[in-house]
Amino acid sequence: MNMNVVRDVEDEPVDKMAMWWRSSITEIAPDVIRLRGYPIQDLIGNITFPAVVWLMTRGELPTAAQARLLEAVLVAGVDHGPLAPSLSIARMAATCGVGLNNAIASGVNVLGDVHGGAGEQCMEFLAGIEQALDTDSALQPAVSQALLEFQKKRGRYIPGFGHRFHRVDPRAVRIGKLLDAAIQEGVISGDIVRIARAVERYFEDSGRNVPMNIDGITAVVLLELGFPPPLGRGIFILSRSVGICAHAWEQTQQGGRIKGPVPKDCGFKYEGPPKRVIPGEWLA
Ligand SMILES: CC(C)(COP(=O)(O)OP(=O)(O)OC[C@H]1O[C@@H](n2cnc3c(N)ncnc32)[C@H](O)[C@@H]1OP(=O)(O)O)[C@@H](O)C(=O)NCCC(=O)NCCS
């Protein structure tokens, strides 16, 4: 008999199976569910959803004040109307005969580097400036230098600043006030807030109105709270998924079949070759 086979079957599979997925997040046993060690029944009714998002992604419970700041960005990013691609795509999907899950997934799927990804990029940009600053550096020249270097490498648009519709993004103004209060109360250091405001000042000094947008202010909050940049995108997706779900559901209730991005009489610009004839060898 092959002893390896016997050992495989009788002893190792248990360990092998147990080690296949390793996780520090949730402990499950009969009648037991613990998130990061906390019994679920203790969390329910006591801990807010944003605090649970923090617990799940970071491993520890935040303070109530930290959770309120996280909640602010989760609320702020929830929706930007049906013309935002993630939302119109979810609505179009809902008219194609797929279920709510597919419609939501379709919307989430387009939250990439260009649409939805500016927050993560802004976090990297601002964190890079913070790392480069030493105690002797003057803030404004360091920010100007980082900005010019970024633009040289990555193009003229700094992620997290400027907006097509809003001259001033009301979400950024409100969260800015919450950040100021959090600095006063010692909840955050305010180092990233100062850097981001120095970026705004750079634009003002060059005669342009390019204030922080929702991605920028979210980046500031998340960095101040200690989130790493890639998780920033995850947090934005959690927030925007609520809007995507609501739009997909509304469209499902409205009905509509195979709805395209514009009404069908709007048409589009055809740029291909004019009408032509199939070569004779293909014709019967
Ligand atoms: C959102 C965005 C596309 C809006 O752009 P827009 O309203 O079309 O602005 P314009 O391209 O007309 O720019 C107007 C001026 O502001 C400047 N500007 C606008 N956004 C800028 C940015 N993020 N960084 C640097 N300069 C910017 C432009 O260079 C331009 O300057 P100029 O007049 O000297 O040429 C643009 O601000 C952007 O790409 N921002 C970064 C990406 C981002 O944060 N996206 C999330 C949006 S919620």
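Keep in mind it's a predicted model, so treat the numbers as computed, not measured.

A. Spatial organisation of the domain arrangement of the protein chain. Its domain assignment divides the protein chain into domain 1 (1-62) and domain 2 (63-257). Inter-centroid distance (C-alpha atoms) of domain 1 to domain 2 is 32 Å. Tallying the contact residues gives nine residues for domain 1 and 13 residues for domain 2. Buried surface at the junction of domain 1 and domain 2, summed over both partners, amounts to about 840 Å²; 76% is from carbon and sulfur atoms. Among the residues of domain 1 in contact with domain 2, P50, W54 and R58 are the three that bury the most area, contributing 56% of the side total. One can count zero salt bridges joining domain 1 with domain 2.

B. Here's a closer look at empty space enclosed by the protein. Applying the stated rule across the entire model yields one cavity of 30 Å³ or more. For the largest cavity, the full set of lining residues is G116, G119, E120, M123, D215, T218, A219, L222, G232, R233 and F236. Looking at the lining of the largest cavity element by element, the count peaks at four residues for helix α12 (residues 214-224). Residue composition of the lining of the largest cavity, grouped by class: four nonpolar, four polar and three charged.

Definitions and limits used
- Along each chain, residues carry numbers from 1 onward, in the same order as the chain's sequence is written.
- Since the coordinates come from a predicted model, pLDDT governs what is reported: local features require at least 70, and pairs of side-chain atoms require 80 or more to be given and counted, while whole-chain, interface and lining totals use all residues.
- With hydrogens and water set aside, each side-chain value is computed from the structure's full complement of heavy atoms.
- Domain borders in the structure are assigned automatically or taken from a domain database.
- Every residue pair with non-hydrogen atoms within 4.5 Å of one another is taken to be in contact.
- Here the buried area means the combined drop in accessible surface, using a 1.4 Å probe, for two parts upon being joined, counting both sides.
- When a carboxyl oxygen of Asp or Glu is within 4 Å of a side-chain nitrogen of Lys or Arg, the pair counts as a salt bridge.
- As defined here, a cavity is a set of points on a 1 Å grid over the protein atoms alone where a 1.4 Å probe fits but cannot get out. A pocket is an open set with protein on both sides within 12 Å along at least five of seven lines, and residues line them when an atom is within 4 Å of a point.
- Grid points are joined across faces, edges and corners, and a volume is the space filled by probe spheres set on the points.
- Helical segments are the DSSP runs of H or I of at least four residues, strand segments are the runs of E of at least two, and each set is numbered from the N terminus.
- Amino acids are sorted into nonpolar (Ala, Val, Leu, Ile, Met, Phe, Trp, Tyr, Cys and Pro), charged (Asp, Glu, Lys and Arg) and polar (every other residue, Gly among them).

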